[in-house]
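Remarks on the overall topology
Given next are the chains, with one letter for each unit.
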Amino acid sequence: NDNDTTDVEPPPRNLTFGATKPHDGSLEDPDGIPSRFLTMKKNDRTEAKESFEGHLAWREEYGVATLLSRPHRKYDVCKAMVPHYFAGRDPHNNIIFVQRPAMLDFELMRKNNSTIDDLLLHYIYVIEYCWNIFEPGPPEGVMTNVLDMKGLSFRNMKNQEYIGFGKRFVNMMSSNYPGRSYKTLVINAPKWFHVLYKVFKPLLRESTRQKIVILKAGEQQDTALKFYLGDALPRDLISNSKDATQETHVAGTRYFLPVEEREQCEPGPNSIFEYDMRQFVSLLPLCAHHLFCCYPFHHLTRVCSFSVH
């Protein structure tokens, strides 16, 4: 009724997402295989079909199709356990994803009764959000990855829990999200980084290895970051910036504080991408026991074991 002025809430958004998308090759393919899986296996149909069937089984095991429709009760603690964020878009309009794996905080994990499995499920959530909400199409979309190795030490090499997480993470991404990398920038790499790289190199396809650029802190790294990231280069990644030179991170504390207003967003941990994702998580259906979703951010210091600095 055009004369009815009663406010009507819009229908709920469909937050169930399948393994295939329009124009990804699956509809035209006799075996329903997305083009990315065929490319991963260099058009070997038998191997591609086997890999895709493994991916479907993986999605079923973790309930990936409906993951974004379910409350993410450990969103904040997972964001604090290892700093990672969508910084913005590079000059080619690819989404930039920054991770700081050297800061993986097992002490914080245990304080909050969390596990490696929780963290891996969180990463699935984040990547699914990226390719279904941020960037729902085209299916050949790729991202620029930045791995900030600042703070990496030989202690990480000796920590089997740390290495174990890294291997599971790399294998999960490689097997289930093939062809999603435009470029991977490994920054602030220590002189002995090749030792760690040898551990993970066998898990990477040759096509992935060719997209990796390893950089050491300094002016050349800053120049490369400005070239690859453009205006979306976060200040805390610039070697001589105040944010980078004065940065100290204490175990068991947050890496950064989320902003409360959209106008405060800037490229980096508090990008518009991160702000929108936090709003999305907070609006999901809530249950009383889902502490990390139920409480507004300024209450989290009272319900979480970690402190905010």
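An account of the accompanying structure is given in this report. Values in this document were obtained by computation on a predicted structure and should not be read as measured data.

A look at helix H10 (residues 219–229)
Listing the buried residues of H10 in full gives Gln-221, Asp-222, Ala-224, Leu-225 and Leu-229. Along the long axis of H10, the arc covered by the buried residues comes to 160°, so they all point the same way. When the buried face of H10 is taken as reference, the exposed residues oriented beyond 90 degrees from it are Glu-219, Gln-220, Thr-223, Lys-226 and Phe-227. The inward-facing, buried residues of H10 contact strand S1 (84–89), strand S2 (95–99), strand S3 (143–148) and strand S4 (181–187).

Quick look at a negative patch on the surface
A cluster of like negative charges, contributed by Asp-44, Glu-47, Glu-50 and Glu-53, occupies part of the molecular surface. Note that Glu-47 resides in helix H2 (residues 45–62).

Quick word on helix H7 (residues 160–176)
Taking 1.5 Å of rise per residue, 17 residues should cover 24 Å, and H7 covers 24 Å from first to last C-alpha, within 8% of that figure. Listing the buried residues of H7 in full gives Tyr-162, Ile-163, Phe-165, Gly-166, Phe-169, Val-170, Met-172, Met-173, Ser-174 and Asn-176. The residue sitting at the N-terminus of H7 and contributing the capping side-chain oxygen is Asn-159; that oxygen lies 2.9 Å from the backbone nitrogen of Glu-161.

Focus: the sheet that holds S1
Across the sheet, which stays open at both edges, the 5 strands sit in the order S1-S2-S3-S4-S5 with mixed pairing between neighbours. Single-partner strands in this sheet number two, and they are S1 and strand S5 (212–214). Averaged over all pairs of adjacent strands, the angle between their axes in this sheet comes to 20°, without regard to strand direction. Relative to S4, S3 is paired through 6 bridges, and the arrangement is parallel. Bridge assignment links Thr-144 to a residue of S4, and that residue is Lys-183.

Side note on the packing of aromatic side chains
Applying the stated rule across the entire model yields 14 aromatic pairs. Consider the rings of Phe-134 and Phe-273, whose centres lie 4.9 Å apart with planes at 90°: the pair is edge-to-face. With a gap of 139 residues between them, Phe-134 in helix H5 (residues 116–134) and Phe-273 in helix H12 (residues 272–282) connect regions that are remote in the sequence. In this structure, Phe-134 and Phe-273 share a single accessibility class: buried. Seen from their ring centres, Phe-193 and Tyr-197 are 6.3 Å apart, and the 20° between their planes marks the pair as stacked. In this pair, Phe-193 and Tyr-197 both sit in helix H8 (residues 193–200), 4 residues apart, roughly one turn of the helix. Each member of the pair, Phe-193 together with Tyr-197, is buried. Of the aromatic side chains, those joined through ring pairs into one cluster are Phe-86, Phe-97, Tyr-123, Tyr-129, Phe-134, Phe-165, Phe-169, Phe-273 and Phe-280. The aromatic ring of Trp-131 is capped on one face by Arg-180, whose charged end is 4.1 Å from the ring centroid.

Considerations on the pattern of salt bridges
With the rule as written, the count across this model stands at 16 salt bridges. With a shortest N-O distance of 3.7 Å, Arg-59 and Glu-128 are connected by a salt bridge. With Arg-59 in helix H2 and Glu-128 in helix H5, the pair connects residues that are 69 residues apart, well separated along the chain. Note that Asp-148 is salt-bridged to Arg-100, the shortest N-O span being 2.8 Å. You can see Asp-148 sitting in strand S3 and its partner Arg-100 sitting in the loop between S2 and helix H4 (106–111), a full 48 residues away along the chain. Pair check on accessibility: Asp-148 and Arg-100 agree, each one buried. Three or more residues joined by partner-sharing salt bridges are found here, namely Asp-29, Asp-31, Arg-45 and Lys-49.

About the criteria used
Residues numbered from 1 in each chain as written. Predicted model: local features only at pLDDT ≥ 70, side-chain atom pairs only at ≥ 80, totals over all residues. Heavy atoms only, no water. Buried < 20%, exposed > 50% of the residue type's maximum accessible area, 1.4 Å probe, protein only. Helix = DSSP H or I, 4+ residues; strand = E, 2+ residues; numbered from the N terminus. Arc of directions from axis to C-beta. Contact = heavy atoms within 4.5 Å. Patch = residues over 30% accessible without salt bridge, like charges linked within 9 Å, V, L, I, M, F, W, Y side chains within 5 Å. Areas by Shrake-Rupley, 256 points an atom, 1.4 Å probe, with all protein chains shown as cover. Salt bridge = Lys/Arg side-chain N within 4 Å of Asp/Glu carboxyl O. Lys, Arg positive; Asp, Glu negative; His and termini not counted. Charge placed at Lys NZ, Arg CZ, Asp CG, Glu CD. Expected span 1.5 Å × (residues − 1). Polar contact = N/O pair within 3.5 Å; in protein donor to acceptor, adjacent residues only side chain to side chain. Pairing = 2+ DSSP bridges. Axes fitted to C-alpha atoms, helices over the stretch in contact; angles between N-to-C directions. Phe/Tyr/Trp six-rings, centres within 6.5 Å; stacked < 30°, edge-to-face > 60°. Lys NZ or Arg CZ within 6 Å of the ring centre and 35° of its normal.

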